[in-house]
Amino acid sequence: MATNRTFTMLKPDSIENGNIGNILQMITEAGFSIKAMKYTQLSDAQAKEFYAVHAERPFYGELVEYMTSGPIVAAILEKDNAVADFREMIGATDPSEAAEGTIRAKYAENKGRNAVHGSDSDENAEIEGNFHFTAAEIF
Ligand code: DAT
Ligand code: MG
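Because the structure is predicted, anything quoted here is derived from the model rather than measured.

Draft legend 1. Geometry of the overall build of the protein chain. Broken down by element type, the protein chain carries seven helices and four strands. Taken along its principal axes, the extent of the C-alpha atoms in the protein chain is 40 × 35 × 25 Å. Per-residue burial over the protein chain gives 45% buried out of 139 residues. Considering only intrachain contacts with a sequence separation of at least 6, the fraction spanning at least 24 residues in the protein chain is 76%. Total accessible area on the protein chain stands at roughly 7,200 Å², and carbon and sulfur atoms take up 49% of it. The protein chain carries 12 positive and 22 negative side-chain charges, and their two centres are separated by 1 Å.

Draft legend 2. Local environment of the site of ligand 1. In the vicinity of ligand 1, the residues found are K11, H54, F59, L63, R87, T93, R104, K111, G112 and N114. Within the contact set of ligand 1, an oxygen atom lies 2.8 Å away from a side-chain nitrogen or oxygen of R87. Contact between ligand 1 and N114: an oxygen atom at 2.9 Å from a side-chain N or O atom of the residue. Considering ligand 1 on its own, with 520 Å² of exposed area, one finds that the protein chains cover 79% of that surface.

Draft legend 3. Region of the structure containing the environment of M9. Note that M9 resides in strand β1 (residues 4-10). We classify M9 as buried; its relative accessible area is 0%. Expressed as a C-alpha distance, the spacing of M9 and Y60, which sit 51 residues apart in the sequence, is 17 Å.

Draft legend 4. Structural view of the packing of aromatic side chains. In the structure shown here, the tally under the stated rule is four aromatic pairs. Both rings, one in F50 and one in Y51, keep their centres 5.0 Å apart while their planes meet at 80°; by these two values the pair is edge-to-face. In terms of burial, F50 and Y51 fall into one category: buried. Grouping aromatic residues by their ring pairs yields a cluster made of F7, F50, Y51 and F131. Sitting above the plane of the F32 ring, K79 keeps its charged end 5.5 Å from the centroid.

Draft legend 5. Representation of the side chain of R104. Relative to the assigned elements, R104 resides in helix α6 (residues 103-107). The charged side chain of R104 is buried without a salt bridge, its nearest counter-charge being D13 at 8.3 Å. Not counting chain neighbours up to four residues away, the residues in contact with R104 comprise K11, R87, I90, G91, A92, T93, P95, A98, N114 and V116.

Conventions used here
Residues numbered from 1 in each chain as written. Chains lettered and ligands numbered in written order. Predicted model: local features only at pLDDT ≥ 70, side-chain atom pairs only at ≥ 80, totals over all residues. Heavy atoms only, no water. Helix = DSSP H or I, 4+ residues; strand = E, 2+ residues; numbered from the N terminus. Buried < 20%, exposed > 50% of the residue type's maximum accessible area, 1.4 Å probe, protein only. Contact = heavy atoms within 4.5 Å. Areas by Shrake-Rupley, 256 points an atom, 1.4 Å probe, with all protein chains shown as cover. Lys, Arg positive; Asp, Glu negative; His and termini not counted. Charge placed at Lys NZ, Arg CZ, Asp CG, Glu CD. Near = heavy atom within 4 Å. Polar contact = N/O pair within 3.5 Å; in protein donor to acceptor, adjacent residues only side chain to side chain. Phe/Tyr/Trp six-rings, centres within 6.5 Å; stacked < 30°, edge-to-face > 60°. Lys NZ or Arg CZ within 6 Å of the ring centre and 35° of its normal. Salt bridge = Lys/Arg side-chain N within 4 Å of Asp/Glu carboxyl O.

Structural data, given as structure tokens:
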């Protein structure tokens, strides 16, 4: 069966706002299976490395500060067409532009505190999953 994986983080606003259960329910009801999962807090160095592609952007410092401000839930998800289907399910980066019914439309506060991360390609899903999980933590 053709299937593939994506990587997600439920960001600190999702934890602060009590939305871990709601978001995980949306994810599993959409047919994603959980291959790995961890409740953790990113260090400054981890957040800087994870978001290194945005290092030159004006919001980088704010992004790193925010992503280290509290715990996150990191997970590897599996489903056919996982990367594209998950991006569709999370909605646009800015929740005011996110389609109705998407995770960000329902739960994000603003463009920075936007509830969830979703990988943007199969290649990045692999890199990001391996950044957070060892082989023994992936089922
Ligand atoms: P996405 O998370 O939709 O893939 P991205 O990769 O362009 O968006 O940016 C990564 C994160 O950086 C995003 O989820 C929130 C933050 N961010 C992006 N643009 C921003 C902006 N203009 N102001 C503040 N934070 C921003
Ligand atoms: Mg992105």
